[in-house]
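Listed here are the chains, written in short residue letters.
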Amino acid sequence: MLQSETGEEQLQEIVSHLNGKLDWLRNQPIDALIGLIGEVSKKWLSDERFSFLKDKGLLFLSNWCEASHLRQIAEQGLKGNIRYCDTFLCFPNSQKHFLRANSRGLACHWMAGNVQILGIFALVQCIITKNVNLLKVAAKDNGVFSSLLSAFEGVSYTTADGYKLEGSDLMETVAVVYFSRDAKKLGDLMSKSAHIRIAWGGREAVETVANYPSMIDSETVIFGPKLSYAVIAKEELFSEQAARKLARRVSVDVSVFDQSGCASPHNLYIEKGGVITPEKFCEILADVFPKTEAQIPKPIISAEQISAVHSSRGVYDFKGKVWGSDTMSWTILYSEDNELCKPVYSRVLMVHPVEHINDALVHIQDYIQTIGIAAPQEKSIDFANKATMAGVSRCPLIGRMLNFEMPWDGVFLIDKLVKWNTLNGPLC
């Protein structure tokens, strides 16, 4: 932790150290960086030291960081060829004009306290694009980031052509700090040192970062406060077996990150007219939730959360129907209104019957990020066209709402992390 009295000098030393490692990092092959992260992702799951993170999305993080998946992400962001990060290569369809992607430099991250693991997705992309990284963790971090990064110690990776990269060397390009949000001088210094600023969190947190002074040509990426919901078309409810499979996917989206993620559904809108009615779907969902809880353990629930869940159940005892566990670990609230109810969190899902999934479009505001969809393709495309034109960023399949993908919040992050350079151009 950096203290306000002496922190500026300490922080400047950290920034100087990281900048001093930039040339070394830029000389590492992208294949080696991806391969090393892939090896570490296996360690996160196999090493018992990281088991305390299993209810915080560790399995999904580990799968996302598999080397094969990281190569796909890198190819999407690097115009189809990850080796643009290593050297000048020909433009597609040209033998005379060359292109490469250089890292911007120092990436400074302001991490969220509610879903700590999310910040790792941005960090990994910064590493493979060869940016050095300074992470300011939240007060609620409880050592999560330091624990995840400690997995790099003792891990190495050797590429097919024999280049060896040590995890301990790579960690010299990453630093983790904490200081109070009120330490304005430290915030100013960190922000002014950044070639890239990435901020996660609630409105107050991201506005604080956005208002810090910065380099004129720095990139700023804000992942601010968002809410999400889901819709189900009647065609998807053609049998109890189909409904049970769909209910399973709904329960997973609700349970991952315990609804703290911006892409977590809090409201679900179900079309009437299917073989399985919206109310019957709630009954099936209530049968599925305990099985999902066994696979995605419920974090310890606070007294405040228990009170909020108990209060919401009391309201729906009068206005609709309630299904839920005796321990308050999950809750389904059903009412006939077409409303966008405020989130309760802690695996509380509010279900509303609608005549058509398009009836849920009225709830789109600038803070709605994701709408999960279960519908036939033509109906999905029609809904998604309307939803995205209204401002929604993502319309994934239900069951994949929390799968961190590119673009995220409408942004291909890697494109913000590099500067594109040309040689022997222009093309014409």
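Anything mentioned here points back to the structure above.
Residues numbered from 1 in each chain as written. Predicted model: local features only at pLDDT ≥ 70, side-chain atom pairs only at ≥ 80, totals over all residues. Heavy atoms only, no water.

So, the packing of aromatic side chains
Given two aromatic rings, one states the distance between the centres and the angle between the planes to describe the pair. A full pass over the atoms with the stated rule returns 11 aromatic pairs. Judged by centre distance (5.6 Å) and plane angle (80°), the rings of W64 and F404 are edge-to-face. Of this pair, W64 sits in helix α4 (residues 58–64) while F404 sits in the loop between α14 (377–389) and α15 (413–417), and the two are 340 residues apart along the sequence. By the burial criterion, W64 is buried, and F404 matches it. When the centroid spacing of 4.6 Å and the interplanar angle of 5° are considered together, the rings of F121 and F404 count as stacked. In this pair, F121 sits in helix α6 (residues 118–128) while F404 sits in the loop between α14 and α15, placing the two residues 283 residues apart along the sequence. The pair formed by F121 and F404 is uniform in burial state, with each residue classed as buried. Members of the aromatic cluster, connected to one another through ring pairs, are F60, W64, F121, W200, F223, F404 and W408. The cationic tip of K79 hangs over the ring face of W420; the distance from NZ or CZ to the ring centre is 5.1 Å. (Phe/Tyr/Trp six-rings, centres within 6.5 Å; stacked < 30°, edge-to-face > 60°. Helix = DSSP H or I, 4+ residues; strand = E, 2+ residues; numbered from the N terminus. Buried < 20%, exposed > 50% of the residue type's maximum accessible area, 1.4 Å probe, protein only. Lys NZ or Arg CZ within 6 Å of the ring centre and 35° of its normal.)

Some words on the pairing of strand β8 (residues 196–200)
Successive residues of a regular strand alternate their side chains across the two faces of the sheet. Burial analysis of β8 places 5 of its 5 residues in the buried class, the great majority of the element. Burial along β8 is two-sided: I196, I198 and W200 and R197 and A199, pointing in opposite directions, are all buried. Tracing the backbone out of β8, into helix α10 (residues 203–210) and back to the parallel element strand β9 (residues 219–223) gives a crossover that is right-handed. (Right-handed = clockwise from strand over helix to strand, strands pointing away.)

Quick notes on the sheet that holds strand β1 (residues 89–90)
Across a sheet, strands are paired by hydrogen bonds formed along the backbone, either parallel or antiparallel in direction. Within the open sheet, the 3 strands sit side by side as β1-β2-β16. Their pairing is antiparallel. Only two strands of the sheet have a single neighbouring strand rather than two, namely β1 and β16 (418–423). (Pairing = 2+ DSSP bridges.)

Some details on the pattern of salt bridges
Across all of its chains, the model carries 24 salt bridges by this definition. With a closest N to O distance of 2.5 Å, D86 and K130 form a salt bridge. One end of the pair, D86, is in the loop between α5 (67–77) and β1; the other, K130, is in the loop between α6 and β4 (132–136), with 44 residues separating them in the sequence. Among the ionic contacts, a cluster of salt bridges with common partners joins E240, R244, D287 and K291. (Salt bridge = Lys/Arg side-chain N within 4 Å of Asp/Glu carboxyl O.)

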